[in-house]
Amino acid sequence: MEYYIMMFIGAVLVNNVILAQFLGVCPFMGVSGKMSTAIGMSAAILFVMTLSTIATSLFQNYLLIPFGLEYLQTILFILIIAALVQIVEIILKKVSPSLYQALGIFLPLLTTNCAILGVAIMVTLKDFGLIDATLFTIFTATGFGVAIIIFAGIREQLELVDIPKGMKGMPIALITVGILAMAFMGFANLV
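Rules used throughout
Residues numbered from 1 in each chain as written. Predicted model: local features only at pLDDT ≥ 70, side-chain atom pairs only at ≥ 80, totals over all residues. Heavy atoms only, no water. Axes fitted to C-alpha atoms, helices over the stretch in contact; angles between N-to-C directions. Helix = DSSP H or I, 4+ residues; strand = E, 2+ residues; numbered from the N terminus. Left-handed = near helix turned anticlockwise from the far one by under 90°. Contact = heavy atoms within 4.5 Å. Nonpolar A, V, L, I, M, F, W, Y, C, P; charged D, E, K, R; others polar. Phe/Tyr/Trp six-rings, centres within 6.5 Å; stacked < 30°, edge-to-face > 60°. Buried < 20%, exposed > 50% of the residue type's maximum accessible area, 1.4 Å probe, protein only. Core = buried A, V, L, I, M, F, W, Y, C linked by side-chain atoms within 4.5 Å. Parallel < 35°, antiparallel > 145°, perpendicular 65-115°, else oblique.

Caption draft 1: Structural detail: the packing of helix α7 (residues 114-125) against helix α8 (residues 130-158). Running from amino to carboxyl end, α7 crosses α8 at an angle of 145°, the nearest separation of the two axes being 10 Å. Between α7 and α8 the crossing geometry is right-handed. Mapping the contact onto sequence places Val-119, Met-122 and Val-123 in α7 and Ala-133, Phe-136, Thr-137 and Thr-140 in α8. Its residues assigned to classes, the contact of α7 with α8 shows five nonpolar, two polar and no charged.

Written as structure tokens, this is what we have:
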């Protein structure tokens, strides 16, 4: 149990996929302007990252390693993630149109999110079993969600204050992300 608590703290706070590893920065900066879009992206990331890591782990362990095709890992993982996102999109469109509408543009954007591919590769490098890989992915996606939601809240508050003209928009956002990343560095001694 202690192992999983440490894995949670490590994935969410210490080695946050955005703030410490700089994976998934494009959607992080792009959709963090409003709290609602940040929450939507967090849910989509959690769902797709978990499914894709399970699929790529199974693919890695039962196809690539037994046949000595590990060198094809990156390209095949990209194809698996893209196919999985398309399948999920088609299924959601038919089964739950309301959820499909709620996810909106987030689902297709996830096809090119480097955080999803990065976590799938990290899981294989760490040589996790399926359960540990799934939990690590859920914790990492939670860390993504925590970071983007905090950042969206800060950006909404920044809209209400008087910022010099040259600092509005992306400059103040980048400074804020830097400060947020330094704040998360304070958790480094927890693990």
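Caption draft 2: Just the packing of aromatic side chains, in detail. For the structure shown, the criterion picks out five aromatic pairs. Between Phe-28 and Phe-151, the aromatic rings sit 4.8 Å apart at their centres with planes inclined by 20°, giving stacked as the arrangement. Taken together, the residues span a long stretch of sequence, with Phe-28 in helix α2 (residues 25-30) and Phe-151 in helix α8 at a distance of 123 residues. There is no split in this pair, since Phe-28 and Phe-151 are both buried. An angle of 45° between the planes, with centres 5.4 Å apart, marks the rings of Phe-128 and Phe-136 as tilted. Judged by relative accessible area, Phe-136 falls into the buried class, the value being 9%.

Caption draft 3: Examining the nonpolar core more closely. If you look at the biggest cluster of nonpolar residues, it comprises 49 residues, and the most contacted ones within it are Leu-19, Phe-28, Met-41, Ile-45, Leu-110 and Phe-136. Here this core takes nine residues from α8, the largest share from any one element. Sequence-distant contacts of Leu-110, that is, excluding residues within four places in its chain, are made with Met-41, Ala-44, Ile-45, Val-48, Ile-81, Val-85 and Ile-116.

Caption draft 4: Representation of unusual backbone geometry. Notably, Phe-22 is not glycine yet its phi reads approximately 60°, a positive angle. Checked against the element boundaries, Phe-22 lands in the loop between α1 (2-14) and α2. Relative accessible area serves as the criterion here: at 58%, Phe-22 is assigned to the exposed category. At Asp-127, a position not held by glycine, the phi torsion is positive, near 55°. Residue class for Asp-127 comes out exposed when judged on its relative accessible area of 65%.

Caption draft 5: Representation of the environment of Phe-28 in the model. On the basis of relative accessibility, which here comes to 0%, the residue Phe-28 falls in the buried class. For the pair Phe-28 and Lys-93, spaced 65 residues apart in sequence, the C-alpha separation works out to 25 Å. Not counting residues up to four positions away in its chain, the partners in contact with Phe-28 are Ile-18, Leu-19, Ala-147, Ile-148, Phe-151 and Val-177.

Caption draft 6: Fine view of the packing of helix α3 (residues 35-64) against α7. Packing of α3 against α7 leaves a shortest axis separation of 9 Å and a crossing angle of 40°. Comparing the axis directions of α3 and α7 gives the class oblique. Considering the relative orientation of α3 and α7, their crossing is right-handed. On α7, the residues touching Ile-45, Val-48, Met-49, Ser-52, Thr-53, Thr-56, Ser-57 and Gln-60 of α3 are Ala-115, Ile-116, Val-119, Ala-120, Val-123 and Thr-124.

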